[in-house]
Amino acid sequence: MDVVIPKAQHAKPGDTFKTETKAITREDQEKFCEITGNLHPIFLDDKVAAARGWGKRLVPGVLTLSYSIGLLEKSGFLDDVVAFMMADKLRYLAPVHIGDALCVEVEFIENKHVKSNTRTLSTYKFTTYNQDGKPVLEAVNT
């Protein structure tokens, strides 16, 4: 049975769902680092990352966040969102590596009507997990 994912402005407090899974590829990571200028060797060189105690190269945390937002968008949850206002309490909980497969679990918190009820601020907590079910990132978005 398919899971029905509500749009943010129609979700109710306590609603939860999980997105599909997406694996981080070497090509995506290298392009991301090049485009953003985030060229630290721990992101691009396995030997440097291993020498610094990471075992192998890391995925930049902001790429993990970008994958998370992309998975939320692809799920349809953000279809009625006009603007991303903030990420609060953003925390990176565990390292992410090339080949890790990420999915996002969302817990909807509230909708607050603003601007004479012409806009709605939707607040939700999301946690990103790797293929082993280990949380790697969490935040509260508005």
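Below, the structure is looked at part by part. (Residues numbered from 1 in each chain as written. Predicted model: local features only at pLDDT ≥ 70, side-chain atom pairs only at ≥ 80, totals over all residues. Heavy atoms only, no water.)

1. A few points about the packing of aromatic side chains
Consideration 1: According to the stated counting rule, one finds four aromatic pairs in the structure shown.
Consideration 2: With a centroid separation of 5.1 Å and 55 degrees between ring planes, the pair formed by Phe 17 and Phe 77 is classed as tilted. Placement of the pair is Phe 17 in strand S1 (residues 16-18) and Phe 77 in the loop between helix H4 (61-75) and strand S3 (87-92), with a sequence separation of 60 residues.
Consideration 3: Under the relative-accessibility criterion, Phe 17 is labelled buried at 6%.
Consideration 4: Aromatic rings pair up to connect Phe 17, Phe 77, Phe 108, Tyr 124 and Phe 126 into one cluster. (Phe/Tyr/Trp six-rings, centres within 6.5 Å; stacked < 30°, edge-to-face > 60°. Helix = DSSP H or I, 4+ residues; strand = E, 2+ residues; numbered from the N terminus. Buried < 20%, exposed > 50% of the residue type's maximum accessible area, 1.4 Å probe, protein only.)

2. Describing the pairing of strand S6 (residues 135-141)
Consideration 1: By the criterion of burial, S6 is predominantly enclosed, with six of the seven residues buried.
Consideration 2: Two elements, S3 and S6, share four bridges in a ladder whose sense is antiparallel. Within S6, the residue paired with Asp 88 across the bridge is Val 140.
Consideration 3: Here strand S5 (residues 119-129) pairs with S6 via six bridges, running antiparallel. Counterpart to Phe 126 in the pairing with S6 is Ala 139.
Consideration 4: Hairpin connection, S5 to S6: the antiparallel pair is bridged by five residues, and Gly 133 has positive phi, about 80 degrees. (Pairing = 2+ DSSP bridges.)

3. Notes on the side chain of Asn 130
Consideration 1: Inspection of the secondary structure puts Asn 130 in the loop between S5 and S6.
Consideration 2: Residue Asn 130 is classed as buried on the basis of its relative accessible area, which comes to 10%.
Consideration 3: The residues contacting Asn 130, other than those within four sequence positions of it, are Ala 101, Leu 102 and Val 136. (Contact = heavy atoms within 4.5 Å.)

4. What about a nonpolar patch on the surface?
Consideration 1: Residues Val 62, Leu 90 and Tyr 92 make up a contiguous nonpolar surface patch of about 250 Å² in total accessible area.
Consideration 2: Along the chain, Leu 90 turns up in strand S3. (Patch = residues over 30% accessible without salt bridge, like charges linked within 9 Å, V, L, I, M, F, W, Y side chains within 5 Å. Areas by Shrake-Rupley, 256 points an atom, 1.4 Å probe, with all protein chains shown as cover. Salt bridge = Lys/Arg side-chain N within 4 Å of Asp/Glu carboxyl O.)

5. Things to note about the layout of surface pockets
It is a probe the size of a water molecule, rolled over the atoms, that shows where empty space is left.
Consideration 1: If you add up the space inside the largest pocket, you get close to 430 Å³.
Consideration 2: For the largest pocket, the lining is made up of 21 residues, of which Val 81, Val 82, Ala 83, Met 85 and Thr 120 are closest to its centre.
Consideration 3: Mapped by element, the contributors of at least two residues to the lining of the largest pocket are H4 and S5.
Consideration 4: If you tally residues by element for the lining of the largest pocket, the top one is S5, at five residues.
Consideration 5: Along the lines of polarity and charge, the residues of the lining of the largest pocket split into eleven nonpolar, six polar and four charged. (1 Å grid on protein atoms, 1.4 Å probe; cavity = no way out; pocket = protein on both sides within 12 Å on 5 of 7 lines; lining within 4 Å. Points joined across faces, edges and corners; volume = space filled by probe spheres on them. Nonpolar A, V, L, I, M, F, W, Y, C, P; charged D, E, K, R; others polar.)

Honestly, that's just the spatial picture; any functional story needs more than this.
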